[in-house]
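Summary of the model geometry
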Amino acid sequence: MVASVGRITAGSGYDYLTREVATSKHDYYTGNGEAPGVWVGRGSAILGLAGEVDADDVAVLYGRFVVPSTAGGTRLPSGRWQPEQVLGRKVAARRRADGSIAEPVAAFDVTFSPSKSVSILWGLSSDEHVRRAVIEAHEAAVATGLDYLDRVAGHTRAGVAGIRKVAGDGFVIAQFRHRTSRSTDPAIRVGDPQLHSHCAILNRIRGADGKWRTLDSRAIYRHAHAAGAIYGATLERELTERLGVSWTTPEQRVPMREIDQIPQTLIDQFSTRRAAVLEHFDSLEADWRKIHGRTPTRAERAGMMDEATTRSRHRKSGSAVDLHEQWRAASASEELDAVASAVGH
């Protein structure tokens, strides 16, 4: 179980989240799109944001840091014109020395992902109760991870070079739960079962002094690993209590415990997305060694992994058949029996 952090740029960098939302129930169940996002976080309530995420609200908030309810300005009853409210100072894209455009960071995409066996239990189980329990456990674990991150990294900085730490009033978060990895062969197959939640934390927070400023991004990156560990511990506890599953630690995989009795053959079969990323990463690392004549640093390897993830990405795909039926049809009967036996109740 992990929590990864990516950056979402202003302008249109956010649109991959709202673009993935299904346009109908049929599309959702067949994998052609995901469920709408929801607003979470104490800061969302400050802005009057609750319930289902609206794509237009995301566009003005993450694209221009404008409070959605004030977008375009408002004519007051008195006749006075009230301009739209911008959170913090106005920002704009800047041109780099090489002529490329650098967009400001709109948000930090903190993504919570369980180990593969959890997604397989959810994806291949024929029991609706089991599927629902896995989703509810995942949601509870995400909420716990976000609460921790809000407490330890939900602040801003002020003064010269950000010398003074200012407590914040809570994150503004558009949260999207996805069910699949991106298909590695979108023309012929859907993505592997892979539950995960994108939590787009707006790069603005209201300080205790009432001013909106950018987040302390270093704190988010510094505490993301711990947030992932808390997410994982919570998920394990929730699934054990709800479904009676037990856990095992695969060799050389200490941080990622798997549900006992989920066959390794299924874990390998439904990990094609990871295999594609690693293949791209190995190629990038080999090229690096040839060019620079040395082993890349940890930071350089992290950058290559980000690039490999982007290069190997396809649009998510689906067909006219229910996702769960497709995944079950791709599995042997004895493997499906093993998945069913992993549940203890």
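1. With respect to the overall build of the protein chain
Looking only at helices and strands, the protein chain has twelve helices and 15 strands in total. Counting the 345 residues in the protein chain, one finds 47% classified as buried. In the protein chain, the proportion of contacts linking residues at least 24 apart, taken out of those at least 6 apart, comes to 70%. Only carbon and sulfur atoms are counted for the fraction: they give 51% of the accessible area of the protein chain, which is about 17200 Å².

2. Notes on the pattern of salt bridges
A full pass over the atoms with the stated rule returns twelve salt bridges. We note a salt bridge from R242 to E136, for which the minimum N-O separation is 2.9 Å. With a gap of 106 residues between them, R242 in helix 7 (residues 217–243) and E136 in helix 6 (residues 128–153) connect regions that are remote in the sequence. Owing to a relative accessible area of 38%, E136 belongs among the partly exposed residues under this scheme.

3. Regarding the sheet that holds strand 11 (residues 193–202)
If you trace the five strands from one edge of the open sheet to the other, you get 1-7-11-10-2, paired in antiparallel fashion. In the strand order of this sheet, the two ends are held by strand 1 (2–9) and strand 2 (38–40), each with one partner. On average, adjacent strands in this sheet sit at an angle of 30° to one another, irrespective of strand direction. Note: strand 1 against strand 7 (residues 105–113), eight bridges, orientation antiparallel. Note that in strand 7 the partner of V5 across the bridge is V110. Helix 7 contacts strand 1 and strand 7 of the sheet and is inclined by roughly 145° relative to strand 1.

4. A short note on unusual backbone geometry
Non-glycine residue F65 carries a positive phi angle of around 60°. Mapping F65 onto the fold places it in the loop between helix 4 (55–64) and strand 3 (74–75). At Q261, a position not held by glycine, the phi torsion is positive, near 80°. For Q261, the position within the fold is in the loop between strand 15 (258–259) and helix 8 (264–269). Residue Q261 is classed as partly exposed on the basis of its relative accessible area of 43%.

5. Examining the packing of aromatic side chains
On inspection of all chains with the given rule, the structure shows four aromatic pairs. Relative to Y62, the ring of W39 has its centre 6.4 Å away and its plane inclined at 20°; by these criteria the two rings are stacked. Taken as a pair, W39 in strand 2 and Y62 in helix 4 lie far apart in primary sequence, 23 residues in all. In this structure W39 comes out as buried when scored by relative accessible area, which is 8%. A cation sits over an aromatic face here: R204 above F65, 3.8 Å from the ring centre.

6. Quick look at the packing of helix 6 against helix 7
The interhelical angle for the contact between helix 6 and helix 7, taken along N-to-C directions, is 150°, at an axis separation of 7 Å. Considered as vectors, helix 6 and helix 7 are oriented roughly antiparallel to each other. The hand of the helix 6/helix 7 crossing is right-handed.

7. A few points about the nonpolar core
Ranked by size, the top nonpolar core spans 51 residues in total, and within it F112, L121, V134, L239 and L243 carry the most contacts. It is helix 6 that provides the largest number of residues to this core, a total of eleven residues. Setting aside residues no more than four positions away along its own chain, L121 makes contact with V130, V134, L243, V245, I259, V339 and V343. Counting residues in each nonpolar core, the second largest holds 23 residues, with A10, Y16, V58 and A200 among its members.

8. Some words on helix 6
Along its 26 residues, helix 6 runs 37 Å from first to last C-alpha, staying within 8% of the 38 Å computed at 1.5 Å per residue. If you check the start of helix 6, you find a side-chain oxygen 2.8 Å away from the backbone N of H129, and it comes from D127.

9. A look at the environment of S125
Counting through the fold element by element, S125 comes out in the loop between helix 5 (116–124) and helix 6. With relative accessibility at 9%, the residue S125 sits in the buried group. For the pair S125 and V343, spaced 218 residues apart in sequence, the C-alpha separation works out to 9.8 Å. If near-sequence neighbours (up to four positions away) are discounted, S125 is found in contact with I120, V130, R131, R328 and V339.

10. Some thoughts on the side chain of H138
Within the fold, H138 resides in helix 6. Judged by its relative accessible area of 1%, H138 falls in the buried class. Once residues lying within four places of it in the same chain are set aside, the contact partners of H138 are F112, R177, H196, S197, Y231 and L235.

Cut-offs used in this document
- Residues numbered from 1 in each chain as written.
- Predicted model: local features only at pLDDT ≥ 70, side-chain atom pairs only at ≥ 80, totals over all residues.
- Heavy atoms only, no water.
- Helix = DSSP H or I, 4+ residues; strand = E, 2+ residues; numbered from the N terminus.
- Buried < 20%, exposed > 50% of the residue type's maximum accessible area, 1.4 Å probe, protein only.
- Contact = heavy atoms within 4.5 Å.
- Areas by Shrake-Rupley, 256 points an atom, 1.4 Å probe, with all protein chains shown as cover.
- Salt bridge = Lys/Arg side-chain N within 4 Å of Asp/Glu carboxyl O.
- Pairing = 2+ DSSP bridges.
- Axes fitted to C-alpha atoms, helices over the stretch in contact; angles between N-to-C directions.
- Phe/Tyr/Trp six-rings, centres within 6.5 Å; stacked < 30°, edge-to-face > 60°.
- Lys NZ or Arg CZ within 6 Å of the ring centre and 35° of its normal.
- Parallel < 35°, antiparallel > 145°, perpendicular 65-115°, else oblique.
- Left-handed = near helix turned anticlockwise from the far one by under 90°.
- Core = buried A, V, L, I, M, F, W, Y, C linked by side-chain atoms within 4.5 Å.
- Expected span 1.5 Å × (residues − 1).
- Polar contact = N/O pair within 3.5 Å; in protein donor to acceptor, adjacent residues only side chain to side chain.

Purely spatial values, then, with no claim about function.
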